[in-house]
Amino acid sequence: MLQKLNYLTVDWPLKQERLFPSVAPLIVEIGFGNGDFLVHLAESNPDCNIIGLEISSGSMERAEAKIEKRGLSNARLIHARAETALSHLLEPETVRAFHINNPDPWFKKKHHRRRLIKPATVDLLTSRLAPSGQLRLATDIPEYAEMAHEVLSRTPGLSNRFETPWVKEIAGRIQTKYEIKGYREGRGAHFFCYERNSVSAQHPPVVKELDMPHLFLKSPLDAEEIVRRFEATRVHADGAHIAILNAYANPQRNTAVFEVVAEEPTIEQHVLLSLSPREEAGQYIVKLTGVGYARPTAGLHRAVAAVGEWVAGLDEGSRVLERKLRG
Ligand SMILES: C[S@@+](CC[C@H](N)C(=O)[O-])C[C@H]1O[C@@H](n2cnc3c(N)ncnc32)[C@H](O)[C@@H]1O
């Protein structure tokens, strides 16, 4: 059966015993594309557990079908940005090898912020590597290879396994779809292999969940009037960007829901928050709804605060009464 795992539905941090039949050394492929390399990793490392991380839903479905068809119990895919998985799912010093094949095909200046190979992400990758664990990278883009060489060779916790910055061939390696495309278009491949050395590195702990956030407020306005006055709002606080995009009222029940996107440095969540009446007349509670798999991060605490404060600012008689929020 297809697993359809994603970063919101799995344990933080991941528990191998809940994903695989047994605990084993972990290999992680980031951006597995059509999944052929990941299937090869799983088949050629039967004594290891393989986790694939991908942001493309199409790739997830296609690769998962291949894993299922071959009955590979040592491979699991998680729909997640690598940066989110590194911060929320993978514990320090637990990964035997990371494989990254042809990341970021759009290697343009304006995409620098979203680029996978950059010092902050390489530091996180390094911190997640077990002692002597390897970071293996392939790229068909010469400029990307130069840039990756700069970043990797300046990371104190990693040592180059090759005598040259990269090699052009690795015996026994299967070619990925983008590698084949690179050859066809006359670029060729650049392979890197760096190993975790004994230089101590920062080990940022896994970002954990907080308690469920909620906030009480009083307001003489009913939910329908609150929604009538709604205007899309953005708040930047504590490193999070909160966008309250839409509001919908249910006049019969005097409730409202707010559609919110919370962007934090390590995770993005698109959630619904509810405003519903309490037993005490004129009082409301703002909290997360059970829609989707919202995880109570600091950013979602900020989102509940943002909605509560916005409602409390609508009328002189409105104010926040109590916050069950972080900070
Ligand atoms: C150019 S394709 C390479 C696919 C495959 N590795 C290959 O060599 O044929 C890059 C892949 O990385 C995925 N990707 C890009 N950024 C990612 C990120 N931050 N986290 C996880 N996957 C990512 C994309 O969806 C895409 O499937």
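Residues numbered from 1 in each chain as written. Predicted model: local features only at pLDDT ≥ 70, side-chain atom pairs only at ≥ 80, totals over all residues. Heavy atoms only, no water.

(A) Up close: the overall build of the protein chain. Scanning the protein chain from terminus to terminus reveals 9 helices and 15 strands. The dimensions of the protein chain, computed from C-alpha atoms along their principal axes, are 75 × 40 × 40 Å. Scored against the burial criterion, the 327 residues of the protein chain give a buried share of 50%. In the structure as shown, the protein chain presents an accessible area of about 16,600 Å², 49% of it carried by carbon and sulfur atoms. Charge-centre separation for the protein chain: the mean point of 42 positive side chains lies 2 Å from the mean point of 41 negative side chains. (Helix = DSSP H or I, 4+ residues; strand = E, 2+ residues; numbered from the N terminus. Buried < 20%, exposed > 50% of the residue type's maximum accessible area, 1.4 Å probe, protein only. Areas by Shrake-Rupley, 256 points an atom, 1.4 Å probe, with all protein chains shown as cover. Lys, Arg positive; Asp, Glu negative; His and termini not counted. Charge placed at Lys NZ, Arg CZ, Asp CG, Glu CD.)

(B) Here's a closer look at the sheet that holds strand β14 (residues 283-288). As summarised here, the arrangement of the 7 strands in space is β10-β11-β12-β13-β14-β9-β15, forming an open sheet in which the pairing is antiparallel. Here the strands that pair on one side only, and so sit at the sheet edges, are β10 (233-237) and β15 (319-324). Strand-to-strand twist across the sheet, computed as the mean angle between neighbouring axes with direction ignored, equals 25 degrees. (Pairing = 2+ DSSP bridges. Axes fitted to C-alpha atoms, helices over the stretch in contact; angles between N-to-C directions.)

(C) Examining the sheet that holds strand β8 (residues 190-196) more closely. Spatial ordering of the open sheet is given by β1-β4-β3-β2-β5-β6-β8-β7, a layout of 8 strands whose pairing is mixed. Both edges of this open sheet fall to β1 (5-6) and β7 (158-160), since each of them pairs with a single strand only. As paired elements, strand β2 (residues 26-30) and strand β5 (residues 95-101) share 5 bridges and run parallel to each other. Looking at the pairing, Ile27 lines up with Ala97 of β5. Strands β1, β3 (49-54) and β4 (75-79) of the sheet are contacted by helix α3 (residues 57-70), whose axis makes an angle of about 165 degrees with β4. (Contact = heavy atoms within 4.5 Å.)

(D) Local environment of the domain arrangement of the protein chain. Split into domains, the protein chain comes out as domain 1 (5-196) and domain 2 (214-324). Taken together, the contact between domain 1 and domain 2 spans 10 residues of the former and 7 residues of the latter. Counting each side, the surface lost to burial between domain 1 and domain 2 is near 770 Å², with a carbon and sulfur contribution of 55%. When the buried surface of domain 1 facing domain 2 is broken down by residue, Leu8, Trp12 and His88 rank first, second and third, together holding 54% of it. Inspection of the domain 1/domain 2 interface yields 0 salt bridges. (Domains from an automatic or database assignment. Buried area = accessible area lost by both parts, 1.4 Å probe. Salt bridge = Lys/Arg side-chain N within 4 Å of Asp/Glu carboxyl O.)

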